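Summary of the model geometry
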Amino acid sequence: MKTLRRQNIAVLVSGSGTNLQALLDAEKAGKLPMGHISLVVSNKKEVYALARAEENGIEAVTLVKRDLGSQEAFEAALQETLCERHIDLIILAGFLAILSADFTAKWPGRIINIHPSLIPSFCGPGFYGLKVHEAALARGVKVSGATVHYVNEIPDGGEIILQKAVAVLPGDTPEKLQKRIMEEAEWLLLPQAAELVCASLAGKETEDESHAEL
Ligand code: GRF
């Protein structure tokens, strides 16, 4: 019986990094046995997520599209950064840029994202950050939540991995709803999904090796 290889994870961020923190805490607590967070990439300078990486001794790289000149140059630098570090899984955790179809095609089944609504509601282009919760409140839904899904060429359109519902309460503001969804859904769901995907990737790798030996 072969031992499964722990998968190398890169977490892509653009902001405060509370979801990154949830992943780091999960790994420390032994809840990510098949994954190891080895890299944080930010597309914004000086965001708090970078400080969280540093505090946890994780390498952090900042790649800014404007400095690099174009989306193509940004994605080429990102690809090189990830390949040099032998990354197996990319986790988008509050990463506010859309990756091109060319890029996502290079990582089939190896990019996941957390979205703060129950997909297919309030998702797709333009639905990010507080805008998602503003739209949910404007529509008057009584339940919202979070979704972790695979990333493909369609924004928020990849296969759903895990979802969790969260109640919308009377008197909710977008900020209150955002906070409740983070606390009750996102921070639990993302580490769980990361472990599921890492275990699945590690399992496939072992299966492929066994076939190669036949
Ligand atoms: C989260 O609500 C996430 O679902 C969304 O952006 C927010 C990022 O928060 N995509 P953080 O940077 O993880 O604190």
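For the structure itself, look to the data block above.
Residues numbered from 1 in each chain as written. Predicted model: local features only at pLDDT ≥ 70, side-chain atom pairs only at ≥ 80, totals over all residues. Heavy atoms only, no water.

**Focus: the packing of aromatic side chains**
Stated precisely, the cut-off is as follows: Here is the rule: rings of Phe, Tyr and Trp (six-membered ring for Trp) pair when centre to centre is within 6.5 Å. Planes less than 30 degrees apart are stacked, more than 60 are edge-to-face, and the remainder are tilted. Between buried and exposed lies partly exposed: a residue is buried under 20% and exposed over 50% of the maximum accessible area for its type, with that area taken using a 1.4 Å probe on protein chains only.
Tallied over the full model, the rule gives one aromatic pair. Aromatic side chains Phe 103 and Trp 107 sit 6.4 Å apart centroid to centroid with 25 degrees between the ring planes, which places their arrangement in the stacked category. The two residues Phe 103 and Trp 107 agree in class, both being buried.

**So, the site of the ligand**
The condition is simple: Put simply, a residue is near a molecule or strand once any heavy atom of it comes within 4 Å of that molecule or strand. Distance and chemistry together define a polar contact, namely a pair of N or O atoms within 3.5 Å, with one atom able to donate a hydrogen and the other to accept it when in protein, and with adjacent residues in sequence counting only for side-chain atoms on both sides. Method for areas: the Shrake-Rupley scheme with a 1.4 Å probe, in which residue coverage is limited to the protein chains shown. Cavities and pockets are defined on a 1 Å grid built over the protein atoms alone: a cavity is a set of grid points where a 1.4 Å probe fits but cannot escape, while a pocket is an open set with protein on both sides within 12 Å along at least five of seven lines, and lining residues are those with an atom within 4 Å of any such point. Each molecule is assigned to a cavity or pocket provided more than half of its atoms lie within 2 Å of the corresponding grid points. A run of DSSP states H or I qualifies as a helix once it reaches four residues; a run of E qualifies as a strand once it reaches two. Both are numbered from the N-terminal end. Note on residue classes: Ala, Val, Leu, Ile, Met, Phe, Trp, Tyr, Cys and Pro are nonpolar, Asp, Glu, Lys and Arg are charged, and everything else, Gly too, is polar.
Around the ligand, the neighbouring residues are Ser 16, Gly 17, Thr 18, Asn 19, Gly 94, Ile 114, Pro 116, Met 182 and Glu 186. Taking Asn 19, its main chain carries an N or O atom lying 2.9 Å from an oxygen atom of the ligand. Protein contact buries 91% of the 370 Å² of open area that the ligand shows by itself. In a pocket analysis with a 2 Å cut-off to the grid points, the ligand is assigned to the largest pocket. Breaking the shell around the ligand down by element, the ones donating at least two residues are helix H1 (18-28) and helix H7 (174-213). A breakdown of the residues in the shell around the ligand according to their chemical character gives three nonpolar, five polar and one charged.

**Points about the state of the cysteines**
Counted only if it meets this: For the purposes of this analysis, a disulfide is any pair of cysteine sulfur atoms at a distance within 2.5 Å.
Under the definition given, this model contains zero disulfides. The closest cysteine sulfur to the non-disulfide-bonded Cys 198 is located on Cys 83, 17 Å from its own sulfur.

**A closer look at the pairing of strand S6 (residues 143-150)**
As a reminder, the rule being used: Strand pairing follows a simple DSSP-based rule, namely that at least 2 bridges must link the two strands.
Of all eight residues that make up S6, seven are buried, and the element is covered over most of its length. Taken together, the four bridges between strand S5 (residues 111-115) and S6 define a ladder with antiparallel strand orientation. Across the sheet, Asn 113 pairs through a bridge with His 149, a residue of S6. Note that S6 and strand S7 (residues 160-167) share seven bridges and pair antiparallel. Pairing of Gly 145 across the sheet is with Ala 165, part of S7.

**Some remarks on the pairing of strand S4 (residues 89-92)**
If a strand is regular, its side chains alternate between the two faces of the sheet. Residues Leu 89 and Ile 91 line one face of S4 and the alternating positions Ile 90 and Leu 92 line the opposite face, and both faces are buried. Of the pairings in the sheet, the one linking strand S1 (residues 7-13) to S4 comprises four bridges and is parallel in character. Looking at the pairing, Leu 12 lines up with Leu 92 of S4. Sheet topology note: the S4/S5 ladder contains three bridges and is parallel. Looking at S5, one finds that Ile 91 is bridged to Ile 112.

Such coordinate-based values are descriptive only and should not be taken to indicate function.
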